[in-house]
Amino acid sequence: MTPAKIDALKTELAKEIDGQKKFSQEMVDMIFSFGELGFQEVETSRYLIDILKKNGFTIKEGISGIPTAWTATWGSGKPVIAVGSDIDCIPKASQKPGVSYHDPIVEGAPGHGEGHNSGQPLNVTAVLALKKIMEREKIPGTIMLWPGVAEEQLATKAYFVRDGFFKDVDACIFTHVSNNLGTSYGDGGMTGMISVQFKFEGQASHAGGAPWRGKSALDAVELMNIGWNYHREHMETTQRSHYVVTDGGDQPNVVPSKASVWYYFRERSYPKIMQMYKDGVKIADAAAKMTDTKMTYEVLGSAWPGHFNQPIAEAMYENIKMVGLPKWSDEDQTLAKAAQKEMQSPADEGKPTEGLATTLGVLRKPALTPSAGGGGSDDIADISWNLPTIVLGYPSNIPGLPGHHWANAISMATPIAHKGVTAGAKAEAMTLLDLFVKPEILKNAWTYFNEVQTKDTKYTPLISKTDKPAIQLNKKIMEEFRPEMKKYYYDPSKYATYLEQLGIKYPTTTREGSSTGK
Ligand SMILES: [Zn+2]
């Protein structure tokens, strides 16, 4: 295919995606309203599967034994390109969109306080636009859509790899919400991690009447945490570790016979993650000995530190430059600034964070030194160590917010999110077209993968052959909140937007709820 022809097709893709704005907005708003936690993305998956089925995709449901996981494929032959994005949300992050202060839709309920409601709408929009062109132009190849289930628990992508769902895939484009349109390659300095729950079992007794007959499992949890926190002093600065007590007993007058604590152990390389894991087990074991309780542990999730593909990132960045940032309205900027003020957003590079991004981000290069970094993790890395993979970030969120917080849901069913998705869909569709019609990109991608990325570092899964996805997670929380949340599911047959359905004036920046904040 000539460069002129490819350019013409890209222009056509952008036009087609602009024409699908209403469709993209409905998907973004719908998934926002479902607000489902990891492993419980029942409505979200059903909704996406129905759309993809209607559009001629072949669906495989329940992959890796995970009820809400699936693949949707269309096309035939090589290359096979996977397109993914996460779908789960954040506990206690329920928030009315378009409102700059804390105002939950359902008090205490989960919500899209990260923005995972927008990635699949972006992918579906991009892929359907591309499919039309592939059919007409008879471009060979296969597209495989797939969801990042329970990304917040980093709990599924290593299983998809282990169970062979990516073994015939030539490359993967992943999308993740951001506050700019951009991508990166190499090791960006993030951590990998293993998530482990430790359970202690002791013996109950009357805490007042016969405390000497009890063996407290909660004591074991507390001693483990004390041990770990002393251990922290002697760990490298790149580590991150944190825990929550998932069971601390029932009531004070019963010596807790059962208690458990859930740890995330994060580091910058596989051997260091495994060392932390070993240290954690040792300290848990010692706590069990001190309290004469029994200890068991279970892996709930894992992720490698990310490394992304240079040739595909460079191809993507060319398209990103062509697409550019969305045009923000005064209303969009007013909401963003009010949210930043509300959250006391920190200064970025000496300048106060102000409003939405108006300068396109750069193509981010690898972290300067291997020991630099330390921060969050994403199990997309387990895919990225098995085949050339990149992550496209798109500007559906507001800069300078805390992350994993209700404030990160403020923009996620507003024109900010919708515009970000449209821009991202264009960049993705154009890059997918490149991958299908320019075989040299894939060839270079695999050369980079084999000769640079995996030259000295080989992928060893953090999960074992017998570990199972923790599909029981979040079940109880969703059962508690779903009946109330259902009342607020988006109904596009009645309302143009979710903002309209909730009766929110856009933007709402004062607590009286009437001002446009100008
Ligand atoms: Zn995420």
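Rules and cut-offs
Each chain carries its own residue numbering, running from 1 in the direction its sequence is written. Where local features are concerned, this predicted model is filtered to residues with pLDDT of at least 70; where side-chain atom pairs are given and counted, the filter is 80 or more; whole-chain, interface and lining totals use all residues. The side-chain quantities take in all heavy atoms of the structure and omit both hydrogens and water. Centres within 6.5 Å are what make two rings of Phe, Tyr or Trp a pair, Trp counting through its six-membered ring; a difference in plane orientation under 30 degrees is then read as stacked, over 60 as edge-to-face, and the rest as tilted. By the criteria applied, helices consist of DSSP H or I runs no shorter than four residues and strands consist of E runs no shorter than two, each listed in order from the N terminus. Buried means the residue's accessible area, taken with a 1.4 Å probe over protein chains only, is under 20% of the maximum for its type, while exposed means over 50%, and partly exposed covers the values in between. Any N or O atom pair separated by 3.5 Å or less is treated as a polar contact, with the protein-specific requirement of one donor-capable and one acceptor-capable atom, and with residues adjacent in sequence counted only for side-chain atom pairs. Note: metal donors comprise N, O and S atoms at 2.8 Å or less from the metal (3.2 Å for Na, K and Ca); water molecules are not included, so apparent gaps in a site are possible. Strands pair, by our definition, only if DSSP identifies at least two bridges between them. Think of each axis as a best-fit line through the C-alpha atoms, taken over the contacting stretch in the case of a helix, with angles from 0 to 180 degrees between the N-to-C directions. Two residues qualify as a contact provided that any one of their heavy atoms is within 4.5 Å of a heavy atom in the partner residue. Throughout this description, the term nonpolar core refers to a set of buried Ala, Val, Leu, Ile, Met, Phe, Trp, Tyr and Cys residues connected via side-chain atoms within 4.5 Å. A helix is expected to reach a length of 1.5 Å times the quantity of its residues less one. The arc in question is traced by the directions running from the helix axis to the C-beta atoms. Any angle between 65 and 115 degrees counts as roughly perpendicular, while under 35 counts as roughly parallel, over 145 as roughly antiparallel, and the rest as oblique. If you view the pair so one helix is near and one far, a crossing is left-handed when the near helix is turned anticlockwise from the far one by less than a right angle, and right-handed when it is turned clockwise. Residues are sorted three ways: Asp, Glu, Lys and Arg are charged, Ala, Val, Leu, Ile, Met, Phe, Trp, Tyr, Cys and Pro are nonpolar, and all the rest, Gly among them, are polar. Think of a salt bridge as a Lys or Arg side-chain nitrogen and an Asp or Glu carboxyl oxygen that are within 4 Å of each other.

Trainee: Explain the packing of aromatic side chains here, please?
Mentor: Ring pairs (aromatic) are described by centroid distance and by the angle formed between their planes. A full pass over the atoms with the stated rule returns 20 aromatic pairs. Taking the centre distance of 6.0 Å and the plane angle of 75 degrees together, the rings of Phe34 and Tyr47 count as edge-to-face. Remark: Tyr47 occurs in helix H3 (residues 42–54) and Phe34 occurs in helix H2 (residues 21–34); sequence separation between them is 13 residues. Measuring from ring centre to ring centre gives 4.9 Å for Tyr243 and Tyr263, while their planes differ by 35 degrees; the resulting arrangement is tilted. With a gap of 20 residues between them, Tyr243 in strand S7 (residues 240–247) and Tyr263 in strand S8 (residues 258–267) connect regions that are remote in the sequence. Connected via pairs of aromatic rings, a cluster forms that spans Phe198, Trp228, Tyr243, Tyr263, Phe265, Tyr277 and Tyr297.

Trainee: Would you mind going over the side chain of Arg268 with me for this structure?
Mentor: Secondary-structure assignment places Arg268 in the loop between S8 and helix H7 (270–291). Residue Arg268 is classed as buried on the basis of its relative accessible area, which comes to 8%. At a separation of 3.2 Å, a polar atom in the side chain of Arg268 contacts the side chain of Asp187. A distance of 2.8 Å separates a polar atom in the side chain of Arg268 from the backbone oxygen of Met190.

Trainee: How should I be thinking about the coordination of the zinc ion in this particular structure?
Mentor: Think of it this way: four donors in a tetrahedron around the metal ideally sit 109.5 degrees apart, and six in an octahedron ideally sit 90 or 180 degrees apart. Taken together, the protein ligands of the zinc ion are Glu114 (OE), His116 (NE2) and His176 (NE2), with distances of 2.0 Å. Here the donor residues of the zinc ion are spaced in sequence according to E-x1-H-x59-H. Since its relative accessible area comes to 15%, Glu114 is described here as buried. Judged by relative accessible area, His116 falls into the buried class, the value being 3%.

Trainee: How should I be thinking about the sheet that holds strand S9 (residues 294–303) in this particular structure?
Mentor: Backbone-to-backbone hydrogen bonds join strands into a sheet, with any given pair of strands oriented parallel or antiparallel. Taken together, 4 strands build an open sheet; the order of strands is S7-S8-S6-S9 and the sheet is antiparallel. Two strands lie at the open edges of the sheet, namely S7 and S9, each paired on one side alone. Shown here is a sheet whose adjacent strand axes are inclined to one another by a mean of 20 degrees, direction ignored. Two elements, strand S6 (residues 192–201) and S8, share 10 bridges in a ladder whose sense is antiparallel. Paired with Phe200 across the two strands is Ala259, which belongs to S8. Against the sheet, helix H6 (residues 217–231) makes contact with S6, S7 and S8, and its axis sits at roughly 20 degrees relative to S8, the strand it touches most. Packing against the sheet, H7 makes contact with S6, S7, S8 and S9, and its axis sits at approximately 10 degrees to S6.

Trainee: What is the right way to read the sheet that holds strand S4 (residues 141–148) from this model?
Mentor: Spatial ordering of the open sheet is given by S1-S2-S4-S3-S5-S10, a layout of 6 strands whose pairing is mixed. Lying at the two open borders of the sheet, with one neighbouring strand each, are strand S1 (58–61) and strand S10 (389–395). On average, adjacent strands in this sheet sit at an angle of 20 degrees to one another, irrespective of strand direction. Direction of pairing for strand S3 (residues 80–86) relative to strand S5 (residues 171–178): parallel, over a ladder of 5 bridges. Its bridge partner being in S5, Ser85 is matched across the sheet by Thr175.

Trainee: Teacher, can you tell me more about the nonpolar core here?
Mentor: For soluble globular proteins, nonpolar side chains are generally found buried alongside one another. Leu145, Trp146, Phe198 and Phe200 are the most contacted members of the largest nonpolar core, which has 146 residues in total. Counting residues per element, this core draws most heavily on helix H11 (residues 415–437), which supplies 12 residues. Excluding residues that lie within four positions of it along the chain, Leu145 makes contacts with Leu52, Phe57, Trp70, Thr71, Ala72, Val83, Gln120, Asn123, Val124 and Val127.

Trainee: Mind showing me how you'd approach helix H13 (residues 475–486) here?
Mentor: Owing to its 3.6 residues per turn, the α-helix brings residues three or four apart onto one side. Along its 12 residues, H13 runs 16 Å from first to last C-alpha, staying within 8% of the 16 Å computed at 1.5 Å per residue. Those residues of H13 lying buried are Met478, Phe481, Arg482 and Met485. Relative to the axis of H13, the buried residues are bounded by an arc of 130 degrees and lie together on one face. Turned more than 90 degrees away from the buried face of H13, the exposed residues are Lys476, Glu479, Glu480 and Pro483. Considering only its buried residues, H13 is in contact with H2 and H3.

Trainee: Sorry if this is basic, but what is going on with the packing of H2 against helix H4 (residues 119–137) here?
Mentor: A pair of packed helices is characterised by two quantities: the angle between their axes and the separation of those axes. Closest axis-to-axis distance for the H2/H4 pair is 9 Å, and the angle between their directions is 155 degrees. Looking at the two axes, H2 sits roughly antiparallel to H4. Crossing angle aside, the handedness with which H2 passes H4 is right-handed. Along its contact with H2, which presents Phe23, Ser24, Met27, Val28 and Ile31, the element H4 presents Pro121, Val124, Thr125 and Leu128. A per-class count over the contact of H2 with H4 returns 7 nonpolar, 2 polar and no charged.

Trainee: Is there a simple way to explain the pattern of salt bridges in this structure?
Mentor: Working definition: two side chains of opposite charge can pair if their charged atoms are close together. Inspection of the entire model under this criterion finds 30 salt bridges. Between Lys132 and Glu16 there is a salt bridge; the shortest N-O distance is 2.9 Å. Of this pair, Lys132 sits in helix H4 while Glu16 sits in helix H1 (residues 3–19), and the two are 116 residues apart along the sequence. The class of Glu16 is partly exposed, set by a relative accessible area of 23%. Note that Asp187 and Arg268 form a salt bridge whose closest N and O atoms lie 3.2 Å from each other. Linking Asp187 in the loop between S5 and S6 with Arg268 in the loop between S8 and H7, this pair joins segments that are 81 residues apart in sequence. Of the residues examined, Asp187 reaches a relative accessible area of 22% and is grouped as partly exposed. Overlapping salt bridges bring together Lys5, Glu12, Arg136 and Glu137 as one network.

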